[in-house]
Amino acid sequence: MSLLSPTGGLGVLRNRNLSFYLSARFLGTLAVQMQSVAVGWQVYQITGSLFDLGLIGLAQFAPFLVLILWAGHVADRHDRRKIIVACMLVQLLVSALLLAFTFSGSKVVWPVFAVLVLFGSARAFMMPASQAVLRNLVPDKDFGQAVALSSSTFHVAVIAGPVLGGLLYVFGPTFVYSVSAALLLISVILMASANSAPQARSTAPVSWHSLLEGLRFVWSRPIVLGAISLDLFAVLFGGATALLPAYAHDVLHAGPTALGWLRTAPGAGAALCSIALAFFPLRRHVGAWMFGGVAVFGLAVLTLGFTDRFPVALAALFILGAGDMVSVYVRHLLVQYETPDEIRGRVSAVNSVFIGASNELGEFESGITAGWLGLTRAILLGGAATLAVTGLWAVLFPVLSKMDRFPHNEKKT
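Please read all numbers here as calculations on a predicted model, not as lab measurements. (Residues numbered from 1 in each chain as written. Predicted model: local features only at pLDDT ≥ 70, side-chain atom pairs only at ≥ 80, totals over all residues. Heavy atoms only, no water.)

**Things to note about the overall build of the chain**
Going by this rule: The helix count covers DSSP runs of H or I at least four residues long, the strand count covers runs of E at least two residues long, and both are numbered beginning at the N terminus. Per-residue accessibility, obtained with a 1.4 Å probe over protein chains only, is compared with the maximum for each type, and a residue is labelled buried under 20%, exposed over 50%, and partly exposed between these values. Residue contacts are defined here by distance: any two heavy atoms, one from each residue, within 4.5 Å place the two residues in contact. Residue burial considers only the protein chains on display, and all accessible areas are found by Shrake-Rupley using a 1.4 Å probe.
Counting secondary structure elements, the chain contains 17 helices and 0 strands. Evaluated residue by residue, the chain yields a buried proportion of 59% over its 413 residues. In the chain, the share of contacts with a sequence separation of at least 24, taken over all contacts with a separation of at least 6, comes to 87%. Surface exposure of the chain reaches about 16,200 Å², of which carbon and sulfur atoms provide 70%.

**Regarding the nonpolar core**
This is how it is decided: What we call a nonpolar core is a set of buried Ala, Val, Leu, Ile, Met, Phe, Trp, Tyr and Cys residues that are connected through their side-chain atoms within 4.5 Å.
One finds Leu18, Tyr21, Ile84, Leu134, Tyr329, Leu334 and Leu400 to be the most contacted residues of the largest nonpolar core, which totals 60 residues. Considering every element that reaches this core, the biggest residue donor is helix H13 (residues 310–338), with 9 residues. Every residue in contact with Tyr329, bar those within four places of it in the chain, is listed here: Gly144, Val147, Ala148, Leu277, Pro281, Leu282 and Phe406. By size, the runner-up hydrophobic cluster in this structure holds 56 residues, among which are Ala38, Val43, Leu99 and Leu317.

**Digging into the packing of helix H12 (residues 286–306) against H13**
Worth spelling out the cut-off: Axis lines are fitted through C-alpha atoms, for helices just across the contact stretch, and the angle between N-to-C directions can take any value from 0 to 180 degrees. Angles are sorted into four bins: roughly parallel if under 35 degrees, roughly antiparallel if over 145, roughly perpendicular if 65 to 115, and oblique for all others. Left-handed describes a crossing whose near helix is turned anticlockwise from the far helix through less than a right angle; right-handed describes the clockwise counterpart. Lys, Arg, Asp and Glu make up the charged group, whereas Ala, Val, Leu, Ile, Met, Phe, Trp, Tyr, Cys and Pro make up the nonpolar group; the residues left over, Gly among them, are polar.
Direction vectors running N to C along H12 and H13 enclose 155°, while the axes themselves pass 8 Å from each other. Looking at the two axes, H12 sits roughly antiparallel to H13. At the point where H12 passes H13, the crossing takes the left-handed sense. Residue-level contacts link Val286, Trp289, Met290, Gly293, Val294, Val296, Phe297, Ala300, Val301, Thr303 and Leu304 of H12 to Val312, Ala313, Ala316, Leu317, Ile319, Leu320, Gly323, Asp324, Val326, Ser327, Val330 and Arg331 of H13. Broken down by class, the residue content of the contact of H12 with H13 amounts to 17 nonpolar, 4 polar and 2 charged.

**Observations regarding the pattern of salt bridges**
Stated precisely, the cut-off is as follows: The term salt bridge refers to a pairing of a side-chain nitrogen on Lys or Arg with a carboxyl oxygen on Asp or Glu at a separation within 4 Å.
Tallying each qualifying case throughout the model produces 2 salt bridges. As a salt-bridge pair, Asp76 and Arg80 come within 3.1 Å of each other at their nearest N and O atoms. Just as Asp76 is buried, Arg80 falls in that class too. For Arg284, the salt bridge goes to Asp404, with nearest N and O atoms at 2.8 Å. One end of the pair, Arg284, is in the loop between helix H11 (256–279) and H12; the other, Asp404, is in the loop between helix H16 (398–401) and helix H17 (407–412), and 120 residues separate them in sequence. According to the relative accessible area criterion, Asp404 is partly exposed, its value standing at 24%.

Here you go:
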């Protein structure tokens, strides 16, 4: 049986619009990941401050938190594909501004944080639109495969991006930012060439009641609330990846190329895991799989904190990514299967708040903790806290931890 046949694992790629979307997302993510390595290394070289590494995450999260509920409402009222194109154009502008900063030779890093605020604003509008549009690109029977393949391409970009960013940084940050801008331009063209099926658009007037519809929906669904809040608190405390520039420099005594490999290891683990899920989707014991994935994530963070050997750190980060991918896969399917299309943007916005908080706010928390306790202790504390959250959530949300099948599948059986 051919992998590209209608019944093969990659048969969904025959959908032209999905292929354009995946290609655009891959190149855009590749560019952002390359750029992220360059920004982290450049800021740390200029200031040598762990606190500033934390501020990189905060600068992206603060506007995200302010704008995300409005962004979800926009995704329900307007063409999600066009929103994604506009956000990619803003990301292209961010690359250009970072390039201009580097050419200026400035040793004051606040302009970098200001540019990252712009990036965080664009990402606030892009995340709910990107999460919701996938449901409009493929028929219902192909959605599970599309989610797994979307995650695969995303994490392949997360694999290649940091490595390329670290390797290209040898030529200086200007080269990295230039390549990132070129890739983002191509991604804009690809996304603009895709078409999505008509979406069920919200006609509710803009009000606090409509803006908070996503929050009310999530709060009324214990399974969805438990899934996305588990990810929030587990990754919030286990955000050790924000400290990788300092970890590579101070613990492993390595340079930007090694940092690139460290940054890419979680993506490699997640990509291989998501490819496996595309061919062998989870159908039974989904709650146990999700909690198990988060527990593996926490154990990997602890391993990272205990080692000063590059191969062990690389393996720990690889396993960290695989564990995280399992929980991401389960959470994404739960949210999308349970949500009506007319409020999918607002519910995706709430989901994005939790994801953004766990990532960017987690980076800020890790930077602050490392500044207080030291680098290694901060990583160990984060891993222990992640395991504690996993156990606590299993008690608080037994309906999630004991879930056998996805609710969507239960309705069909």
